[in-house]
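Structure at a glance
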Amino acid sequence: MGTRYSAVFFGRPDRPLAELHEALQQSVDAVDAQMSTWKPGSNLMLLNGAPVGTWIDVPEQLTTVLAAALQVGQVSGGAFDIGVGELVSAWGFGPGTGAPDPDAIAAAGVVGRVPAHLAIELDLVGRRVRKHSPMRLDLSGIAKGYGVDELARVLESHGIQRYLVAIDGELRAGAPKPDGSGWRVAVERPEFGRRAADGVVEITGAALATSGDYRHAVEFRGDRYSHTIDPRRQVPLRNGPASVTVRAATAMQADAWATALMVLGPERGSELASTLDLEVLFAERGIDPTDVDRPTTPAPERRSYHDQNYR
Ligand code: ADP
Ligand code: MG
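The sections below set out a description of the structure shown in this document.

With that settled, the discussion passes to the environment of Arg-189. Positionally, Arg-189 belongs in the loop between β7 (183-188) and β8 (197-203). Linking Arg-189 and Gly-212, residues 23 residues apart in sequence, is a C-alpha distance of 9.8 Å.

Printed below as a string of structure tokens:
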């Protein structure tokens, strides 16, 4: 996934770390080997290369993540859509040149394309998948979260309960620290080119994920585009929230919903989140919506705190 994981935990000092380290590394390597779009031989890439209608066998973990991704896709009304792979590459966000390709953008941006949750058939028992429309799947909006859940599972299987595990901005905390306090996590200010904390959230037995418009972006014809795709419009999201932070039971759910809620926006997003077991924090920029170049000199932010539990 081109990034690092971290695991902070309290354990017995006499336990050797080498074996645990190896198990943690293996768990994230397995996620990478199955779900990366950066590894041509990953199970996901094999699935992407398969013809329409052909069943492809998939390993258990990939099956789990595909099932969750398609479910979030359905519940979010297609705001979360793992079928955006073609667009992700066309806009230069996937592996490749890192630059938008106008021809590929024109070819990929077919409005009315079938969303993945309607085009992908998953056989949970037989662990196989087939697509009913041509599409390239991209699990970058959910796989890191699943990787974090895997790190948590490994620690727990080694008898470790008090931990904070993370991959980038997706985190999960176990039981409180020995002094009884929760795990304090900084929520980043959604600023371009600068890293600063906006506030602190304490989590225990929960996961937290943030998606934002301020880290991964490309320039195209003088405008700045961030890496969340608006599946309805088949282009990168414009005028979306600056960031969305989600607290959920698992990092996989938090990760996927953070991406989905970027697309849905604060109004529809908060409404939907309140019907699910999610707590959300939207950060919005008070910029002129027609001017996408301005974020480099942002106007004062308008913030909407959906949930009072965030301090
Ligand atoms: P990050 O990878 O920075 O943690 P996200 O979790 O928000 O950020 O995932 C963003 C990635 O998800 C994009 O780079 C792209 O590969 C993929 N993606 C973009 N838009 C969507 C979408 N609407 N639904 C599902 N996945 C998406
Ligand atoms: Mg995500």
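Having seen the model, we can carry on.
Turning our attention to helix α7 (residues 143-157). The terminal C-alpha atoms of α7 lie 21 Å apart, and with 15 residues this matches the ideal 21 Å at 1.5 Å per residue to within 8%. All of the buried residues in α7 are Ala-143, Lys-144, Gly-145, Tyr-146, Gly-147, Val-148, Asp-149, Glu-150, Leu-151, Ala-152, Val-154 and Leu-155. Buried residues belonging to α7 abut β1 (5-9), α1 (17-35), α3 (60-75), β5 (163-167), β6 (170-173) and α8 (251-275). Looking one or two residues beyond α7, the residue adopting positive phi is Gly-159, at roughly 80 degrees.

Okay, the packing of aromatic side chains next. Using the criterion set out here, one finds 4 aromatic pairs in the structure. Relative to Trp-183, the ring of Phe-10 has its centre 6.0 Å away and its plane inclined at 50 degrees; by these criteria the two rings are tilted. On the criterion of sequence distance, the pair formed by Phe-10 in the loop between β1 and α1 and Trp-183 in strand β7 is long-range, its members being 173 residues apart. Phe-10 sits in the partly exposed class, given a relative accessible area of 40%. The buried category is assigned to Trp-183, whose relative accessible area is 4%. Grouped by ring-pair contacts, the aromatic residues Trp-91, Phe-220 and Tyr-225 constitute a single cluster. Lying over the aromatic face of Trp-55, Arg-128 brings its terminal NZ or CZ to 4.0 Å of the ring centre. Across the ring face of Trp-183, the terminal group of Lys-177 is positioned such that the distance to the ring centre comes to 5.2 Å.

All right, on to the coordination of the magnesium ion (ligand 2) then. Each donor-metal-donor angle would ideally measure 109.5 degrees in four-coordinate tetrahedral geometry, or 90 or 180 degrees in six-coordinate octahedral geometry. Donor atoms from the polypeptide that coordinate the magnesium ion (ligand 2) comprise Gly-141 (O), Asp-255 (O), Asp-255 (OD) and Thr-259 (OG1), at 2.0 to 2.5 Å from the metal. Mapping the donors of the magnesium ion (ligand 2) onto the primary sequence gives the spacing G-x113-D-x3-T. Here the residue Asp-255 and the residue Thr-259 both occupy positions in helix α8, the gap between them amounting to 4 residues, near one helical turn. With respect to class, Asp-255 is no different from Thr-259; both count as buried.

Counting buried positions over the 5 residues of β5 gives 5, a clear majority of the element. The alternating pattern of β5 places Tyr-163, Val-165 and Ile-167 on one face and Leu-164 and Ala-166 on the opposite face, and all of these are buried. The pairing of β1 with β5 spans 5 bridges and is classified as antiparallel. Considered in β5, the bridge of Ala-7 is made with Val-165.

Let us look at the packing of α7 against α8. Their axes nearest at 7 Å, the elements α7 and α8 cross at an angle of 165 degrees. Considered as vectors, α7 and α8 are oriented roughly antiparallel to each other. In terms of crossing hand, the pair formed by α7 and α8 is right-handed. Contacts between α7 and α8 pair Ala-143, Lys-144, Gly-145, Tyr-146, Val-148 and Asp-149 from the former with Ala-251, Met-252 and Asp-255 from the latter.

A few words on the site of ligand 1. Neighbouring ligand 1 are 19 residues; Asp-81, Asp-138, Ser-211, Ile-229 and Thr-259 lie closest to it. Within the backbone of Asp-81, an N or O atom sits 2.9 Å from a nitrogen atom of ligand 1. Contact between ligand 1 and His-227: an oxygen atom at 3.1 Å from a side-chain N or O atom of the residue. In the complex, 93% of the free accessible area of ligand 1, which totals 570 Å², lies under the protein chains. If one sorts the elements of the shell around ligand 1 by residue count, α8 sits on top with 3 residues. Across the shell around ligand 1, the residue classes break down as 7 nonpolar, 7 polar and 5 charged.

Let's shift gears to the packing of α3 against α8. Helix packing geometry: the angle between the two helix axes and the distance between the axes. Taken N-terminus to C-terminus, the directions of α3 and α8 make an angle of 0 degrees; their axes are 10 Å apart at the nearest point. When the interaxial angle is binned, α3 and α8 end up roughly parallel. Residues Thr-64, Val-65, Ala-68, Gln-71, Val-72 and Val-75 of α3 form the contact with α8, whose participating residues are Met-252, Gln-253, Ala-256, Trp-257, Ala-260 and Leu-272. Its residues placed into classes, the contact of α3 with α8 shows 9 nonpolar, 3 polar and no charged.

Calculation notes
- Numbering of residues begins from 1 in every chain and follows the order in which that chain's sequence is written.
- Written order decides the labels, with chains lettered from A and ligands numbered from 1.
- Reporting of local features is limited, given that this is a predicted model, to residues whose pLDDT is at least 70; pairs of side-chain atoms are given and counted only at 80 or more, and all residues count toward the totals for whole chains, interfaces and linings.
- No hydrogens and no water enter the side-chain calculation; it runs on all heavy atoms of the structure.
- A run of H or I in DSSP counts as a helix once it spans at least four residues, and a run of E counts as a strand once it spans at least two, with each numbered from the N terminus.
- To estimate the expected span of a helix, subtract one from its residue number and multiply by 1.5 Å.
- Note on classification: 1.4 Å probe, protein chains only; a residue is buried when its accessible area is under 20% of the maximum for its type, exposed when over 50%, partly exposed between these limits.
- Contact between two residues is taken to exist if any of their heavy atoms lie within 4.5 Å; hydrogens are not considered.
- A pair of Phe, Tyr and Trp rings is counted when the ring centres sit within 6.5 Å of each other, with Trp represented by its six-membered ring. The angle between the planes then sorts it: under 30 degrees is stacked, over 60 is edge-to-face, the rest tilted.
- Whether a charge sits over a ring comes down to the Lys NZ or Arg CZ being within 6 Å of the ring centre and within 35 degrees of the ring normal.
- With water omitted from the atoms examined, metal sites may look incomplete; donors here are N, O and S atoms no farther than 2.8 Å from the metal, or 3.2 Å in the case of Na, K and Ca.
- Two strands pair under a simple rule: DSSP has to find at least two bridges between them.
- Axis definition: a line fitted to C-alpha atoms, limited for helices to the stretch in contact. Angles are taken between N-to-C directions and run from 0 to 180 degrees.
- Angle categories are assigned with fixed cut-offs, so that under 35 degrees is roughly parallel, over 145 is roughly antiparallel, 65 to 115 is roughly perpendicular, and the rest are oblique.
- Helix crossings fall into two classes, left-handed where the near helix is turned counterclockwise from the far one by less than a right angle and right-handed where it is turned clockwise.
- Only a single heavy atom is needed: when it lies within 4 Å of a molecule or strand, its residue is near that molecule or strand.
- N or O atoms within 3.5 Å of each other form a polar contact, as long as, within protein, one can give a hydrogen and the other can take it, and as long as residues adjacent in sequence are counted only when both atoms are side-chain atoms.
- In this description, accessible areas are obtained by the Shrake-Rupley approach with a 1.4 Å probe, and a residue is regarded as covered only by the protein chains that are shown.
- Classification used: nonpolar for Ala, Val, Leu, Ile, Met, Phe, Trp, Tyr, Cys and Pro, charged for Asp, Glu, Lys and Arg, polar for all others including Gly.

Geometry only, nothing functional implied.
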